[in-house]
Amino acid sequence: MSEIREFIKKLPKAELHLHIEGSLEPELMFKLSERNKVEIPFKTVEEIRAAYEFDNLQSFLDIYYAGAAVLIKEQDFYDLTWEYLERCKEDNVIHTEIFFDPQTHTDRGISFNTAINGIHNALKDGEEKLGITSKLILCFLRHLDEDAAFKTLEEAQPHLDKFVAVGLDSSEVGHPPSKFEKVFAKAREMGLLTVAHAGEEGPPEYIWEALDLLKVSRIDHGVRSLEDEKLVDRLVKEKIPLTVCPLSNIKLCVFADMKDHNYKSLLDKGLVATINSDDPAYFGGYMNQNFIETAEALNLSKEELALSSKNAFNASFISKELKEKYCSLVDQVLK
Ligand code: HPA
Ligand code: ZN
């Protein structure tokens, strides 16, 4: 194994941008479709994988929402989350902050409780049995209206102890952050933190809105920030982290090739950039694969990879003490 791959394997990592529904591997999709007697339009695991060719975000989302239809019972959400945590263990991801999309499930008659309890119980077991710490983030689907988001936030009320923040995902263009200003204000009043997908396919203006109107602690993706110098200055000055997802960006044609990715430029400009997997079952790899392909295409140094990892721990929603502990583990590997 090359020296850089060896280093990535050993590097303790935090993941801050992972949709749990996007970690549904074709094998589990097949198993759940049989277990729950839910038909899917594929006969084999290979057929499912072959369907994963995307032109843009929407072409992916259509398949991603269809795949989620096999998730019915609390145990299904548990199994989904547990399999993801096992991948974390393999990749030396020691902390993870995962998104879930309640509306993807409640809109097809699955209760909010079923989804959150299955995910929460797996995260609890992950901490006890695998030593992986975690946080959960509730995402609103931005292609739906703000009233639907308010209804979801109401359903989440009895579970406030199970998640730390709200986020915003799904089809970006045409659904600016401003559409959700009121529901995010309500979430903040309830003591929740906020994050939002912005500047993946959408323009830099959406990143400004996420900062000014939704008061986000982090920007998910944010790669289009480099088109706006004033925005970059602000993101650097306020140390706003970007949760970048390199393999996702290639699969969804945000960049034509990994060699064209702007990840190194983000670091060079002093932005708090991090590497994440987004929807690893659909985009060709978990955390180590994202680190490896980015490092090899852009010639990232060990120092830049360690910085990416420390950026993620520092950008996470854990205590100052735990951040220091995790960052010192990174420093030990670097030495
Ligand atoms: N962007 C927006 N919505 C999403 C994504 C993404 O990359 N993955 C899952 N939902
Ligand atoms: Zn995402």
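The notes below deal with the structure included here.

Conventions we followed
Residues numbered from 1 in each chain as written. Chains lettered and ligands numbered in written order. Predicted model: local features only at pLDDT ≥ 70, side-chain atom pairs only at ≥ 80, totals over all residues. Heavy atoms only, no water. Donors = N, O, S within 2.8 Å, 3.2 Å for Na, K, Ca; no water. Tetrahedral: all angles 85-135°; square planar, octahedral: opposite > 155°, others 65-115°. Helix = DSSP H or I, 4+ residues; strand = E, 2+ residues; numbered from the N terminus. Buried < 20%, exposed > 50% of the residue type's maximum accessible area, 1.4 Å probe, protein only. Pairing = 2+ DSSP bridges. Axes fitted to C-alpha atoms, helices over the stretch in contact; angles between N-to-C directions. Contact = heavy atoms within 4.5 Å. Near = heavy atom within 4 Å. Polar contact = N/O pair within 3.5 Å; in protein donor to acceptor, adjacent residues only side chain to side chain. Areas by Shrake-Rupley, 256 points an atom, 1.4 Å probe, with all protein chains shown as cover. Nonpolar A, V, L, I, M, F, W, Y, C, P; charged D, E, K, R; others polar. Expected span 1.5 Å × (residues − 1). Arc of directions from axis to C-beta. Salt bridge = Lys/Arg side-chain N within 4 Å of Asp/Glu carboxyl O.

This next bit is on the coordination of the zinc ion (ligand 2). Octahedral six-donor coordination of a metal ideally yields angles of 90 or 180 degrees, compared with 109.5 degrees for tetrahedral four-donor coordination. Looking at the zinc ion (ligand 2), the protein donor atoms are His17 (NE2), His19 (NE2), His197 (NE2) and Asp278 (OD), and they sit 2.0 to 2.2 Å from it. Bound by 4 donor atoms, the zinc ion (ligand 2) shows angles of 82 to 172° at the metal and therefore irregular coordination geometry. Coordination of the zinc ion (ligand 2) draws on donor residues from a single chain, spaced H-x1-H-x177-H-x80-D in sequence. Taken together, the residues span a long stretch of sequence, with His19 in strand E1 (residues 13-19) and Asp278 in the loop between strand E8 (272-275) and helix H14 (280-283) at a distance of 259 residues. Each member of the pair, His19 together with Asp278, is buried.

Before going further, it helps to spend a moment on the sheet that holds strand E5 (residues 193-198). What the 8 strands build is an open sheet, ordered E1-E2-E3-E4-E5-E6-E7-E8; its pairing is parallel. The two strands at the open ends of the sheet, each matched to only one other strand, are E1 and E8. When the angles between neighbouring strand axes are averaged without regard to direction, this sheet yields 25°. As paired elements, strand E7 (residues 241-244) and E8 share 4 bridges and run parallel to each other. Bridge pairing links Pro241 to Val272 in E8. Contacts between helix H7 (residues 112-130) and the sheet are confined to strand E2 (93-100) and strand E3 (133-141), with E3 contributing the most and set at about 160° to the helix.

A word on the site of ligand 1. Around ligand 1, a shell composed of His19, Leu57, Phe60, Leu61, Tyr64, Asp169, Ser170, His197, Glu200, His221, Asp278 and Asp279 is seen. A distance of 2.8 Å is found between a nitrogen atom of ligand 1 and a backbone nitrogen or oxygen belonging to Ser170. Interatomic distance of 2.9 Å between a side-chain N/O atom of Glu200 and a nitrogen atom of ligand 1. Burial of ligand 1 by the protein amounts to 100% of the accessible area it has alone, namely 260 Å². In terms of residue count, the dominant contributor to the shell around ligand 1 is helix H4 (residues 57-67) (4 residues). When its residues are assigned to classes, the shell around ligand 1 shows 4 nonpolar, 4 polar and 4 charged.

Here Arg35 is to be found in helix H2 (residues 26-35). When its relative accessible area of 36% is taken as the criterion, Arg35 is described as partly exposed. In this structure Arg35 touches Gln75, Asp76 and Asp79, once residues within four positions along its chain are discounted. A polar contact of 2.8 Å, which involves the side chain of Arg35, links it to the side chain of Asp76. Within polar-contact distance, the side chain of Arg35 engages the side chain of Asp79 at 2.8 Å.

The subject of this paragraph is helix H17 (residues 320-334). Its 15 residues give H17 an end-to-end C-alpha distance of 21 Å, which sits within 8% of 21 Å, the value for a rise of 1.5 Å per residue. What H17 keeps buried is the set Lys323, Tyr326, Cys327 and Val330. For H17, the buried positions fall inside an angular range of 100° around the axis, keeping them on one side. In H17, the exposed positions that point more than 90 degrees away from the buried face belong to Glu321 and Gln332. Where H17 is buried, its residues meet E2, E3 and helix H16 (302-315).

Moving on: the pattern of salt bridges. All told, the structure shown has 17 salt bridges when counted by the stated rule. With a shortest N-O distance of 2.7 Å, Lys302 and Glu3 are connected by a salt bridge. Here the residue Lys302 occupies a position in helix H16, and Glu3 occupies one in helix H1 (residues 3-10), the gap between them amounting to 299 residues. According to the relative accessible area criterion, Lys302 is partly exposed, its value standing at 28%. Residue Asp331 is joined to Lys310 by a salt bridge in which the shortest nitrogen-to-oxygen separation is 2.7 Å. In this pair, Asp331 sits in helix H17 while Lys310 sits in helix H16, placing the two residues 21 residues apart along the sequence.

Here we come to the environment of Asn262. One can find Asn262 in the loop between helix H12 (246-251) and helix H13 (263-268). In this structure Asn262 comes out as buried when scored by relative accessible area, which is 10%. A sequence separation of 101 residues divides Asn262 from Asp161, and the C-alpha atoms of the two residues are 37 Å apart. When residues no more than four places from it in sequence are discounted, the contact partners of Asn262 are Val223, Leu226 and Phe255.

The next point concerns the side chain of Ser308. Tracing the backbone through its elements, the reader meets Ser308 in helix H16. You can call Ser308 buried: its relative accessible area is 1%. There is a polar contact of 2.8 Å between the side chain of Ser308 and the side chain of Tyr263. If near-sequence neighbours (up to four positions away) are discounted, Ser308 is found in contact with Tyr263, Leu267, Ala273, Thr274, Ile275 and Phe291.

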